[in-house]
Every structure is written in C-alpha cells, then in structure tokens.
Amino acid sequence: MGGAFSGGAAVGDEPGAVTYPVVLNVYDLTPINNYLHWCGLGIFHSAVEVHGLEYSFGAHDHPSSGVFEVEPKNCPGFIYRCTVFIGRTTLNPLEFRDFIQRMASEYHGDTYHLISKNCNHFTDDLSTRLTGKRIPGWVNRLARLGAFCNCLLPESMRLESTETKHLADCRFSDDSHTSSNDNFDDDELEDKHLLPTSSVSEDAIVKEVHR
C-alpha cells in the first residue's frame, strides 16, 4: 500500500509498509568547490534520486515545468560529487509519478531564480515532502547567504521584494541571464526530459510542509 500525503508530505508511516530509498546526488558547478567545500561552502547542483531516476529543476523561458529527469549521477553539464542518503518513502513508482507531476506544476522554468528558487530549493522541497527530512545545509548555503546579503547583489539577481514576498513562496521571475548552469539551452533540453504537469486543479496539489 502506498504512502499517504500527510501534513503536506508524501510520507508513509504504516507499520510494515514497503519503503523505497530517497537519495540526493550532488554535483559541482565549478572546480573551485574542491577548495570552498572545506569551508562549508560551494556552488552545487543537486537532484533527488528515487525509483531509478533522478529529478531536479532548471530554468528556461517558458511558463511550463522546469522539473526534469535524467539517469542517476549523469546530469549533463555537471560534475558528480557525492550521494547523500536522505530517507525512505512508501510511494510506489506509479504513485510517485503522479506526485512528481503534480509538484512539477509548482516549478515552472520561468520562475527559476538563482537565489530564491534554484535546483537546491526544489530538491529540499521534494526531499521534505517524500521523507520529512531536508537536504544538508551546505548544499544551498551560498544561496541563503545571497538572500541574507540581498542588497549587495547585482540588481539582476536581487529578490524582487524581501518585504512583500516571503522566501518560502519562491515565485520570482529571472529576466536576466545568470551564470548558473541550471539554465537550459536548446541542446541541453534534448538531454534533460522535462516532466509534464498534472492536469489536476491547484486544490489537489500537495501543500508544502510547514517548516
């Protein structure tokens, strides 16, 4: 029997339920991470692996899903660093497929933002919903520092309004060309399978876990 959406998370706690591992695959965006990592910093891409595929989020210019799936540990354009075990989920493959398509409707490619809504925000959200556990803090620490020092960032990378929009909402459009490798070009789109969004209404979309 599959897991239930409890408190906004796809976490099942039925005794004897079949569970499936959920892991985080972390990639380097730059070789300088070999030095920054010892300071607890780095510029990373991350993806959640479950049921034999890994899922992440990237930017494009269209108001459609930016969530994509690829073969585990082989995301084009990134250098694989390590795998971190997150937890387990009771969602079987069919249930998970329905779940991830619903979640994809919340992560359109044109809402990607390097500081407030990047691939690591997505994997943290997905991990929390599936297992009740968040990704390690070091994976997205630079983005959190960037949000804290918002006024020091170039104007094209700043959050639109830290007073009127909460970071948890993360629904900002990035009209500029950032340096993030999470942005898709036409060639990369051929290598990354973008997920379709579910046809269900917004009321049926799983709500976020209250952090």
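Residues numbered from 1 in each chain as written. Predicted model: local features only at pLDDT ≥ 70, side-chain atom pairs only at ≥ 80, totals over all residues. Heavy atoms only, no water.

In the nomenclature of an unreviewed UniProt entry, the protein chain is known as PPPDE domain-containing protein of Digitaria exilis. UniProt, in the comment section headed Sequence similarities (unreviewed entry), describes the protein chain in these words: "Belongs to the DeSI family." (UniProt positions renumbered as here; feature names shortened; annotations may be inferred.)

Caption draft 1: Geometry of the overall build of the protein chain. When its secondary structure is counted, the protein chain shows five helices and eight strands. For the protein chain, the succession of helices and strands along the chain, N to C, is β-β-β-α-β-β-β-β-α-α-α-α-β. Intrachain contacts of the protein chain at a sequence separation of at least 6 include 73% that bridge at least 24 residues. Of the roughly 11000 Å² of accessible surface on the protein chain, a fraction of 54% belongs to carbon and sulfur atoms. (Helix = DSSP H or I, 4+ residues; strand = E, 2+ residues; numbered from the N terminus. Contact = heavy atoms within 4.5 Å. Areas by Shrake-Rupley, 256 points an atom, 1.4 Å probe, with all protein chains shown as cover.)

Caption draft 2: Geometry of the pairing of strand E5 (residues 53-57). E5 sits mainly inside the fold: four of its five residues count as buried. Pairing analysis gives three bridges linking strand E4 (residues 44-50) to E5, with the strands arranged antiparallel. Looking at E5, one finds that valine 48 is bridged to tyrosine 55. Between E4 and E5, which follow one another and run antiparallel, lie two residues, and histidine 51 among them has a positive phi close to 55 degrees. (Buried < 20%, exposed > 50% of the residue type's maximum accessible area, 1.4 Å probe, protein only. Pairing = 2+ DSSP bridges.)

Caption draft 3: Broad picture of helix H3 (residues 119-131). When the terminal C-alpha atoms of H3 are compared, their 18 Å separation across 13 residues agrees well with the 18 Å that a helix rising 1.5 Å per residue should span. Counting buried positions along H3 yields 13 of 13 residues, so the element is predominantly enclosed. Sitting at the head of H3, asparagine 118 places a side-chain oxygen 2.8 Å from the backbone nitrogen of asparagine 120. Immediately beyond the C-terminal end of H3, within one or two residues, lies glycine 132, with a positive phi of roughly 80 degrees. (Expected span 1.5 Å × (residues − 1). Polar contact = N/O pair within 3.5 Å; in protein donor to acceptor, adjacent residues only side chain to side chain.)

Caption draft 4: Region of the structure containing the confidence of the model for the protein chain. Mean pLDDT over the protein chain: 73, with 62% of residues reaching 70 or higher. Per-element mean pLDDT across the protein chain ranges from 38 in strand E1 (residues 5-6) up to 98 in H3. Confidence over residues 147-181 falls short of pLDDT 50; this stretch has 52 contacts with residues more than four positions distant or in other chains. Across residues 199-211, where pLDDT falls below 50, the model places 24 contacts with residues more than four positions away in sequence or in other chains. (pLDDT = per-residue confidence, 0-100.)

Caption draft 5: Main features of the nonpolar core. Leu24, Tyr55, Phe96, Phe99, Phe122, Leu126 and Leu130 are the most contacted members of the largest nonpolar core, which totals 26 residues. Where this core is concerned, the elements lending two or more residues are strand E3 (20-28), E4, E5, strand E7 (79-89), helix H2 (93-104) and H3. A total of five residues in this core trace back to one element, the largest contributor, which is H2. Setting aside residues no more than four positions away along its own chain, phenylalanine 96 makes contact with Val50, His51, Tyr55, Leu91 and Leu130. Judged by nonpolar contacts, the second largest core, of six residues, contains Leu29, Val70, Cys75 and Phe78. (Core = buried A, V, L, I, M, F, W, Y, C linked by side-chain atoms within 4.5 Å.)

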